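# Understanding the architecture of this molecule
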Amino acid sequence: EQKEEPLKILIVLANKIRLMYQIKKLSEKGYSSNEIGKMLDTHPYAVQMIGTSSKKYSSEKLLQILDLICKSLTNLTACGVCVQVFKVNFWSAQIG
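Just so it is clear, the structure is predicted and the values come from calculations on it, not from any experiment.

## Observations concerning the overall build of the protein chain
Helices and strands together make up the secondary structure of the protein chain, namely 5 helices and 0 strands. In the protein chain, the order of α-helices and β-strands from amino to carboxyl end is α-α-α-α-α. A buried classification covers 32% of the 96 residues belonging to the protein chain. The contacts of the protein chain with a sequence gap of at least 6 include a subset with a gap of at least 24, amounting to 70%.

Shown next, in the form of structure tokens:
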């Protein structure tokens, strides 16, 4: 039985939510799945599937979820360095 560390799980989850947010914003700007896939280095089919899922959530809700994940990551790390790197990477990668 393999157990993942909570930190790893939260980082994977945050990356998926971030990708969902980016796809949602780019779709709203009129980009196609192929164009978004090239911009985000993601397969167009995955973009299409994630885009469908993203319709269930508002952009604000996705950002709220990411904020909660960031707070959880901060609580899980002693030094906070990896969290700061994650936050910088997340916010610099936002498309809005």
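## Comments concerning the side chain of Ser54
The topology assignment puts Ser54 in helix 3 (residues 44-54). A polar side-chain atom of Ser54 sits 2.8 Å from the main-chain carbonyl oxygen of Gly51. With residues near it in sequence (within four places) discarded, Ser54 still touches Met20 and Lys24.

## Quick look at the packing of helix 1 (residues 6-28) against helix 2 (residues 33-40)
Two numbers describe how helix 1 lies on helix 2: the axes approach to 10 Å, and their chain directions differ by 135°. Here helix 2 runs oblique to helix 1, going by the angle between their axes. As helix 1 runs across helix 2, the sense of the crossing is right-handed. Of the residues in helix 2, those in contact with Leu19, Gln22, Ile23, Leu26 and Ser27 of helix 1 are Ile36, Met39 and Leu40. Here the contact of helix 1 with helix 2 is built from residues that sort into 6 nonpolar, 2 polar and no charged.

How each quantity is defined
Residues numbered from 1 in each chain as written. Predicted model: local features only at pLDDT ≥ 70, side-chain atom pairs only at ≥ 80, totals over all residues. Heavy atoms only, no water. Helix = DSSP H or I, 4+ residues; strand = E, 2+ residues; numbered from the N terminus. Buried < 20%, exposed > 50% of the residue type's maximum accessible area, 1.4 Å probe, protein only. Contact = heavy atoms within 4.5 Å. Polar contact = N/O pair within 3.5 Å; in protein donor to acceptor, adjacent residues only side chain to side chain. Axes fitted to C-alpha atoms, helices over the stretch in contact; angles between N-to-C directions. Parallel < 35°, antiparallel > 145°, perpendicular 65-115°, else oblique. Left-handed = near helix turned anticlockwise from the far one by under 90°. Nonpolar A, V, L, I, M, F, W, Y, C, P; charged D, E, K, R; others polar.

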